[in-house]
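An overview of the molecular structure
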Amino acid sequence: MKLTYRLLSVVFALAFSLFLSPYINAGELESSSATEVVLSVNVNSASATELADKLGGIGKTRAQLIVEYREEHGPFTSIEQLLNVKGIGAATLEKNRDIIRL
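How each quantity is defined
- Residues numbered from 1 in each chain as written.
- Predicted model: local features only at pLDDT ≥ 70, side-chain atom pairs only at ≥ 80, totals over all residues.
- Heavy atoms only, no water.
- Helix = DSSP H or I, 4+ residues; strand = E, 2+ residues; numbered from the N terminus.
- Buried < 20%, exposed > 50% of the residue type's maximum accessible area, 1.4 Å probe, protein only.
- Contact = heavy atoms within 4.5 Å.
- Areas by Shrake-Rupley, 256 points an atom, 1.4 Å probe, with all protein chains shown as cover.
- 1 Å grid on protein atoms, 1.4 Å probe; cavity = no way out; pocket = protein on both sides within 12 Å on 5 of 7 lines; lining within 4 Å.
- Points joined across faces, edges and corners; volume = space filled by probe spheres on them.
- Nonpolar A, V, L, I, M, F, W, Y, C, P; charged D, E, K, R; others polar.
- pLDDT = per-residue confidence, 0-100.
- Core = buried A, V, L, I, M, F, W, Y, C linked by side-chain atoms within 4.5 Å.
- Salt bridge = Lys/Arg side-chain N within 4 Å of Asp/Glu carboxyl O.
- Phe/Tyr/Trp six-rings, centres within 6.5 Å; stacked < 30°, edge-to-face > 60°.

Within the protein chain, the regular secondary structure consists of 4 helices and 2 strands. Each helix and strand of the protein chain, ordered N terminal to C terminal, gives the series α-β-α-α-α-β. Within the protein chain, buried positions represent 23% of all 102 residues. Taking contacts inside the protein chain between residues at least 6 apart in sequence as the whole, the part at least 24 apart equals 45%. When the accessible surface of the protein chain is summed, it comes to about 7400 Å², and 61% of that surface belongs to carbon and sulfur atoms.

So, in structure tokens, the structure goes:
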């Protein structure tokens, strides 16, 4: 009798795990695709904190310089204008080109 219960328990556990495996794998796929979300930042409206958080190689000081440049010269009309901000070079601009919005 004990052998029958053990056998049924094993069969039930196996069937249950086979039933749940598609749902477990689907959850793994959803979480991996969520990390691939592309961020963008509008350099004409973002705060210094947002700029520092979203742009690679841009810390709080440079982000503040972007905001100050924008306030002094008006909104950016091209991404290349960021090169006019002290401390932002071509490498930093290229690194962030895909996520910068005007």
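After that view of the structure, there is still more to cover.
This part is about empty space enclosed by the protein. A complete count under the given rule lists 1 cavity of 30 Å³ or more for this structure. Taken together, L55, I58, I66, L82, I88, T92, L93, N96 and I100 make up the full set of residues lining the largest cavity. At 3 residues, helix 4 (residues 90-96) tops the list of elements feeding residues into the lining of the largest cavity. Split by residue class, the lining of the largest cavity holds 7 nonpolar, 2 polar and no charged.

Attention now moves to the confidence of the model for the protein chain. When pLDDT is averaged along the protein chain, the result is 81, and 64% of the positions lie at 70 or above. By mean pLDDT, helix 1 (residues 2-34) is the weakest element of the protein chain at 56, and helix 3 (residues 60-73) is the strongest at 97. Taken together, the stretch residues 26-36 has pLDDT below 50 and engages in 0 contacts with residues farther than four places along the chain or on a different chain.

Ranked by internal contacts, the top residues of the largest apolar core, which has 20 residues, are L51, L55, I66, F76, L82 and I100. Within the residue set of this core, elements represented by two or more residues are helix 2 (48-54) and helix 3.

Turning next to the pattern of salt bridges. Considering all chains together, one arrives at 2 salt bridges under this definition. In this structure, E80 engages R97 in a salt bridge whose closest nitrogen and oxygen atoms are separated by 2.9 Å. Here E80, found in the loop between helix 3 and helix 4, pairs with R97, found in the loop between helix 4 and strand 2 (100-101); they are 17 residues apart in sequence, far enough to count as distant. Linking E94 and R97 is a salt bridge whose minimum nitrogen-to-oxygen distance equals 2.8 Å. The class of E94 is partly exposed, set by a relative accessible area of 48%. Residue classification places R97 among the partly exposed residues on the basis of a relative accessible area of 25%.

It is worth spelling out the packing of aromatic side chains at this point. Any two aromatic rings considered together are summarised by their centre-to-centre distance and by the angle between their planes. The tally for this structure, following the rule as stated, stands at 1 aromatic pair. A ring pair is formed by Y69 and F76, whose centres lie 5.5 Å apart and whose planes are at 15°; its orientation type is stacked.

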